[in-house]
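Overview (structure and organization)
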Amino acid sequence: MALLDSASPEDGNITPLLSGYYCALPRNFDEMVDREGRVRAHWRQFLQMLAALGPDEVNRHFAAADRHLRDSGVFYRVYEESAGAARPWPLSHVPLIIDAAEWRQLKAGLVQRAELLEAILADLYGPAELVRDGRFPAAVVAGNPEFLRPLVGVAPPGGSHLRVYAVDVGRSPDGRWWVLGDCTQAPSGAGFALENRLALSRAVPDIYRALRVERVAPFFQAFQMELSSLNRRDDSRVCMLTPGPLNETYFEHAYLARYLGFLLVEGEDLTVRHDGVFVRTVAGLKRAEVLVRRLDADFADPLELSARSRLGVPGLVQAIRDGHVVLANALGSGLVEARAMLSFLPALAPALLGSELKLPNVATWWLGDPAARAMALERLDELVIATAFAGELPAHIQRRSVLGRDLDLPARAALIAEIERRGVDFVAQEAVTLSTTPVWDNGSLVPRPFILRLMLARVGDGWQVMPGGFVRVADHADARAVSLQGGDRTADAWVLSDKPVPEFTLLPTADRIAITRSTGPLPSRAAANLYWLARYIERAEVTLRLTRALINRTTDNDDAAALVAGRIVSLLGAWECVPQAMLNVKPALVAAAALQQRDLPGALPNLAGAAQLAASVIRDRFSPDAWHALTELSDLVNAPFEQGLSESAIFERVNGALRIVASFAGLVQENMVQVVSWRFLQIGRRLERGLATCRFVRRFGFDGDPHGMLDCLLELADSQITYRLRYVMVAARDPVIDLVALDPNNPRSIVYQLARIEAHLAALPKRGDDSRLSPPEQIATALASRMRTAEASEIDKAFLIEVETALMKLSDAVAAAYFTTRERSDDAWAPLE
Amino acid sequence: MIYDVRQATIYHYASPVAHAHHVLRLTPIDRTGQRVHAAVLDIDPLPVERREGLDFFGNRITWVVLEEPHDTLTVRVAARIAVERAPTVAATPPWEEVRAAAFASADLAPNSPAHFLFSSRQVSLDPEIRDYASSSFAPGRAVLDGAVDLMNRIKAEFTYEVGATTASTTPPMSFALRRGVCQDFSHVMISGMRALGLPAAYVSGYLRTGHLPGAAQLEGADAMHAWVQVWCGDEAGWVGLDPTNGILAGDDHLVLAIGRDYADVAPLDGVIVASGGQRLEVSVQVVPVS
């Protein structure tokens, strides 16, 4: 490898950046330097600006990008298996830079390919002439699990199968771009690309501006407007149909839904009626005419597709047949992303489009064909063998693709036998060597292989290509495509413009956005999660207050304090914050249990976890700050006590947790627009607080006050200061109960909670033009009037139990009126005989 | 031979069902060697929506929506069906040729062998079942001979036992148990055939029995039955084999629906809004009228 061309003086100051680059450079194509070791023209300015900053400053800027991703960027995680196992997918800060001329070529190839795939889908789900004419063996279609038979003969509403399309490309040693794979089912990556762009453009704004990088926002705006234009009625909202928070790209769904202004829905939120598809919202059914589908098609309708799906919408296929709903992409579009397709595309392009493929795909042979099979077995060592459609290779190889020479002998023999028996299940592919792009490594650059994902969207009769992309970079120098299956880091892709680029953002600007004060319909499921989230948070606060009250009483070593402490402990026990077996141990241990026990429903770890889970399914409705508070709470209660379990450590932790809970409440109060979703949070919180206060009064408000019980009640209800200001005397029963239960101005009193609940219920959308009170309103109003007219002296335990019972009925009535619960049945037919 | 078929299917729910969507595959249609003179499907309670249609494989399906709260759902089928099957071709090609022809098929029509070559929802391709099936298919053996041999081995070596398996038992499970009912026997045979690259389909229907004096009662007579169709090349086409009884499907076998496995032909799929469980009662009568 030649050394840096020292004859180019403008490169002089970039030498230190490149000191480690050449020795690490494998003998294939590199994006940044050519074979002679010269920096390619379109990288120079970037490198010079980077060099001008100096390594320390570069580190500082890149760290800012990481911070941005971490802060907003809980979105930016890959979920594996369970909701708990989030894995950050770090940003490689150096963008891949693509010059304008090369981009034009890539773009033309991508658009041609999108058109080709659409034509193939239209044929295979229609007349299937390609099969009859012998261009496609029937088995390549019939063997593909994404060939969805209920959709055969169904013209996709809206006119096309594909509306979003992603392509993975790599560059071979000869400098040509090759398509490695197509994503047509429910392509992911656009949201990740957007996050990377925001993070990087904010971290190095000067470089980003100076380089004239093409903006990606116009692409998203075009996509958004195209889909909105498919709504035939004004009141329809575009919905993003997600499989839910367990999906690995759920954060992208929530992020894109928020960014594009689409309604994020799960299958359960939708219902099919004879005249269309509707979202169940707290204001009744709202029509949905366009679904951006991030749910795999086979799960979309348990009636006609996989009957085992619990994520789908029964009757959706019928609604599509009736032309009621446009899906992006259409059900069944995943058919053309199978590897087996790649072997037929080069010959199909001239037949269907009248021109050769502008962008070749990796050479692929379907092994159902006897000649291809013989050739592949002959050249097994140098070829990659992969499944033709989906799933893993047989013979315990446990991968989707493998290079022939990497197989051990038994696996090799087993694979050969299987190919000879059922060649239809396999493809052979030319082993691809990828090009490399620079990665920042402690002050200098090193080359690493990568795959570039490019995104397209149908707009009108044509296609728009997102000028940018999502780059997956390997952490090792092995440039064989087969060893880069997931990618270790991601990077942004910058497409340079030869013209000045206009500033453009989808973030609201005054002149572009029509004023609206509504945030659109609130799905019933989202409302339920908001309500339960608030109840969990409030319950956590109650448990924390009880725990603090308990710790406060461990320092006084007298009988009175011990009696109050005993009451607190029994209340903690009744609420399942501490195990029954622990009720007689030292109060400090009881307090620690309430903070730490994992298996108890009322203890902090469970409450914090439940709150997080409820919040995770409504991520699109939360500010990153509010989510951050929940994460913090969870982190705090799950942290070990480093210094041992002292009373002061417990006290400190309780106070820390209470501060986080208060900050969450503050964020909700101050930063959330006071629309319907906010009201469900408030109703949940008020109801839980009303219940807790009733119980506090029952435990501490009676039997006189020989032992400071009333003081404890005032402490739990956070009302000591008001009481002292009002009465300047020791706690007495009736005044305390009046303040804690009946005072309409005390934000902790029961009456106050009821008054707020009444107001929130009245402000919720009405179903139909029914002017009567809704069932929850009837309960709330009756209860509130009863409480408002009550005297402190008439309140006894029985009265309070009545109030608690009414509050629980109120909760059920709210659920019945606004939250759908749809229970599903397996409907298993008894065994045949 | 002409038959009257009556089937009653009754679901008893533990609590009332407020809303239900169902897909029914319970109406027989005309097929090669089979004519349906009349077929009526009654559903109680009365659906608010009811549509009829054909699925991809040409089976008759009925979509219904029920909105009247109900604690039982009754589906009654009454049909008059005439069956007269052509005798099976005696000589079929070697199984390797049939496999090659299926791989190369340029036919995507519903009865193309290409649809029945691959794993499907309820039939995985399992190496143990493949090895078991493989000993019926010596190199060069005629495909139907091999299939009949496999069918007879399943009949001989598996125990018919109601309750040993359920509707969702997988082929490897019933294969390991060496027991089950007609659905399991059919799934095992299909899995074995496909693993060797041979097209095999799943048939649901009815079986007439008890008409042969002194003959043993065939299994599957008073319930729905299931068997297998094997593709024997372009000329011989599809041939029915009943591994539960070890016989070729003849004029006693009435076809209701054909698919890749049970999931394609399940008599009733549905989604209901209800809590609690359900109990199912099925009765079938097949009476010859001539």
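Residues numbered from 1 in each chain as written. Chains lettered and ligands numbered in written order. Predicted model: local features only at pLDDT ≥ 70, side-chain atom pairs only at ≥ 80, totals over all residues.

A few words on the overall build of chain A. Of the regular secondary structure elements, chain A holds 29 helices and 21 strands. Looking at chain A as a whole, 48% of its 833 residues qualify as buried. (Helix = DSSP H or I, 4+ residues; strand = E, 2+ residues; numbered from the N terminus. Buried ≥ 20, exposed ≤ 12 C-beta atoms within 10 Å, placed from the backbone.)

Turning our attention to the overall build of chain B. Check the secondary structure of chain B and you find 7 helices and 15 strands. At 19 Å, chain B has a C-alpha radius of gyration in line with the 19 Å of a compact globule built from 290 residues. Dimensions of chain B, computed from the C-alpha atoms along their principal axes, are close to 60 × 45 × 40 Å. Within chain B, the proportion of its 290 residues that are buried is 46%. Expressed as a percentage of contacts within chain B between residues at least 6 apart in sequence, the contacts between residues at least 24 apart total 74%. (Rg over C-alpha atoms; globule rule 2.2 N^0.38 Å. Contact = placed C-beta atoms within 7 Å.)

This paragraph deals with the pairing of strand S9 (residues 200-207) of chain B. Residues and elements named next belong to chain B. Among the 8 residues of S9, 8 are classified as buried, and the element is accordingly described as predominantly covered. Bridge analysis of S9 against strand S13 (residues 253-259) gives 6 bridges, and the strand direction is antiparallel. Its bridge partner being in S13, Gly 205 is matched across the sheet by Val 255. (Pairing = 2+ DSSP bridges.)

What follows covers helix H3 (residues 41-53) of chain A. Residues and elements named next belong to chain A. Listed in full, the buried residues belonging to H3 are Trp 43, Phe 46, Leu 47 and Leu 50. Seen end-on, H3 carries its buried residues on one side only, within an arc spanning 100°. Remark: Gly 54 follows H3 within two positions and exhibits a positive phi of approximately 85°. (Arc of directions from axis to C-beta.)

The predicted coordinates should not be examined in detail at positions where pLDDT is low. All names here are of chain A. Confidence in the prediction for chain A averages 86 pLDDT; 89% of positions are at 70 or higher. A low-confidence stretch, residues 509-515 (pLDDT under 50), is modelled with 1 contact involving residues beyond four sequence positions or located in other chains. A low-confidence stretch, residues 822-833 stays under pLDDT 50, and its non-local contacts, those more than four residues away or across chains, total 43 contacts. (pLDDT = per-residue confidence, 0-100.)

Turning our attention to the packing of helix H23 (residues 676-700) of chain A against helix H27 (residues 750-763) of chain A. Residue and element names in this part refer to chain A. Where H23 contacts H27, the two axes come as close as 9 Å, and the packing angle between them is 155°. In terms of orientation, H23 and H27 fall into the roughly antiparallel class. The two elements H23 and H27 meet at a crossing, and its hand is left-handed. Between H23 and H27, the residues in contact are Arg 679, Gln 682, Ile 683, Arg 686, Leu 687, Arg 689, Gly 690, Thr 693 and Cys 694 and Ile 750, Gln 753, Leu 754, Arg 756, Ile 757, His 760 and Ala 763, respectively. (Axes fitted to C-alpha atoms, helices over the stretch in contact; angles between N-to-C directions. Parallel < 35°, antiparallel > 145°, perpendicular 65-115°, else oblique. Left-handed = near helix turned anticlockwise from the far one by under 90°.)

Accessible area lost upon the coming together of the parts serves often as the stated size of an interface. Residues and elements named next belong to chain A. Taken domain by domain, chain A holds domain 1 (96-339 + 434-495), domain 2 (363-430), domain 3 (525-672) and domain 4 (675-820). Inter-centroid distance (C-alpha atoms) of domain 3 to domain 4 is 21 Å. Contacts between domain 3 and domain 4 engage 23 residues on the former and 21 residues on the latter. Residue assignment for the side of domain 3 that touches domain 4 shows that the elements contributing at least two residues are helix H17 (524-552) and helix H18 (559-574). Per-element accounting of the side of domain 3 that touches domain 4 gives the leading share, 15 residues, to H17. In terms of residue class, the side of domain 3 that touches domain 4 is made up of 17 nonpolar, no polar and 6 charged. (Domains from an automatic or database assignment. Nonpolar A, V, L, I, M, F, W, Y, C, P; charged D, E, K, R; others polar.)

Residues and elements named next belong to chain B. Its place among the elements puts Glu 157 in helix H3 (residues 143-157). Residue Glu 157 is classed as exposed on the basis of its C-beta count, with 10 C-beta atoms lying within 10 Å. Sequence spacing of Glu 157 and Phe 118 is 39 residues, and the spatial spacing of their C-alpha atoms is 25 Å.

Residues and elements named next belong to chain B. Its domain assignment divides chain B into domain 1 (2-84 + 266-288) and domain 2 (95-265). The centre of domain 1, based on its C-alpha atoms, is set 24 Å off from the matching centre of domain 2. At the interface, 19 residues of domain 1 touch 18 residues of domain 2. When residues of the side of domain 1 that touches domain 2 are traced back to their parent elements, those giving at least two are strand S1 (2-17), strand S6 (70-83) and strand S15 (278-288). Partitioning the side of domain 1 that touches domain 2 into residue classes produces 13 nonpolar, 3 polar and 3 charged.

This part takes up the packing of H23 of chain A against helix H29 (residues 797-818) of chain A. All names here are of chain A. Between H23 and H29, the least distance of the axes is 9 Å, while the angle of their chain directions is 160°. Overall, the two elements H23 and H29 adopt an arrangement that is roughly antiparallel. Here the hand of the crossing between H23 and H29 comes out left-handed. Facing Ile 683, Leu 687, Gly 690, Leu 691, Cys 694, Val 697 and Arg 698 of H23, the residues of H29 in contact are Lys 797, Leu 800, Val 803, Glu 804, Leu 807, Leu 810, Ser 811 and Val 814.

Moving on: the sheet that holds strand S2 (residues 19-27) of chain B. Residues and elements named next belong to chain B. What the 4 strands build is an open sheet, ordered S4-S5-S2-S14; its pairing is antiparallel. With one partner strand each, in any of the chains shown, strand S4 (49-54) and strand S14 (268-273) form the two edges of the open sheet. Strand-to-strand twist across the sheet, computed as the mean angle between neighbouring axes with direction ignored, equals 15°. Relative to S14, S2 is paired through 6 bridges, and the arrangement is antiparallel.

Since the α-helix packs 3.6 residues into each turn, any two residues three or four apart lie on the same face. Residue and element names in this part refer to chain A. Of all 8 residues in helix H24 (residues 709-716), 7 are buried, a share of seventy percent or more. Looking only at H24, the buried set comprises Met 709, Leu 710, Cys 712, Leu 713, Leu 714, Glu 715 and Leu 716. Those residues of H24 hidden inside the fold are in contact with H17, H18, H23, helix H25 (720-727) and helix H26 (733-742). Backbone geometry just after H24 places Asp 718 at a positive phi near 50°.

Another aspect to go through is the interface of chain B and chain A. Taken residue by residue, the interface counts 48 residues in chain B and 37 residues in chain A. Listing elements by their share of the side of chain B that touches chain A, those giving two or more residues are S2, helix H5 (182-195), strand S10 (225-231), S14 and S15 of chain B. Among the elements that take part in the side of chain B that touches chain A, S14 of chain B stands out by supplying 6 residues, more than any other. For the side of chain B that touches chain A, the residue count by class is 28 nonpolar, 14 polar and 6 charged.

Now for the nonpolar core. Soluble, globular proteins show a tendency: their nonpolar side chains are buried together. In terms of nonpolar packing, the biggest core is built from 232 residues, with Cys 239 and Met 240 of chain A together with Met 189, Val 228 and Val 230 of chain B touching the most fellow members. Beyond its immediate stretch of four places on either side in the chain, Met 240 of chain A contacts His 253, Leu 256, Ala 257, Phe 262, Leu 263, Leu 264, Val 265, Val 292 and Arg 294 of chain A. Counting 101 residues, the second largest nonpolar core, distinct from the first, contains Leu 530, Tyr 531, Ile 683 and Ile 737 of chain A. (Core = buried A, V, L, I, M, F, W, Y, C linked by C-beta atoms within 7 Å.)

All names here are of chain A. Pairing between strand S9 (residues 276-281) and strand S10 (residues 284-288): 5 bridges, direction antiparallel. Paired with Thr 281 across the strands is Gly 284, a residue of S10. In this structure, the hairpin formed by S9 and S10 is closed by a connection of 2 residues.

On average, residues of chain B score 91 in pLDDT, and 95% of them are at 70 or above. As a predicted assembly, this complex carries a pTM of 0.85 together with an ipTM value of 0.94.

Here we come to the sheet that holds strand S15 (residues 401-403) of chain A. Residues and elements named next belong to chain A. Strands sit in the order S13-S16-S14-S15 across an open sheet of 4 strands; the sheet is antiparallel. Two strands close off the open sheet at either side, each with one partner strand: strand S13 (364-366) and S15. Neighbour-to-neighbour, the strand axes of this sheet turn through a mean angle of 25°, independent of strand direction. Of the strand pairs in this sheet, strand S14 (residues 383-387) and S15 are connected by 3 bridges, and their pairing is antiparallel. Counted as the bridge partner of Ala 386 is Ser 401 from S15.

Between Ala 328 of chain A and the following residue, Asn 329 of chain A, the backbone shows a cis peptide bond with an omega angle of 0°. Tracing the chain through its elements places Asn 329 of chain A in the loop between strand S12 (326-328) and helix H13 (339-342). Of note, the amide linkage connecting Asp 44 of chain B to Pro 45 of chain B takes the cis form, showing an omega dihedral of 5°. In this structure, Asp 718 of chain A is a non-glycine residue whose phi angle is positive, near 50°. Tracing the sequence through the fold places Asp 718 of chain A in the loop between H24 and H25. Look at Asp 718 of chain A and you get partly exposed, because 14 C-beta atoms sit within 10 Å.

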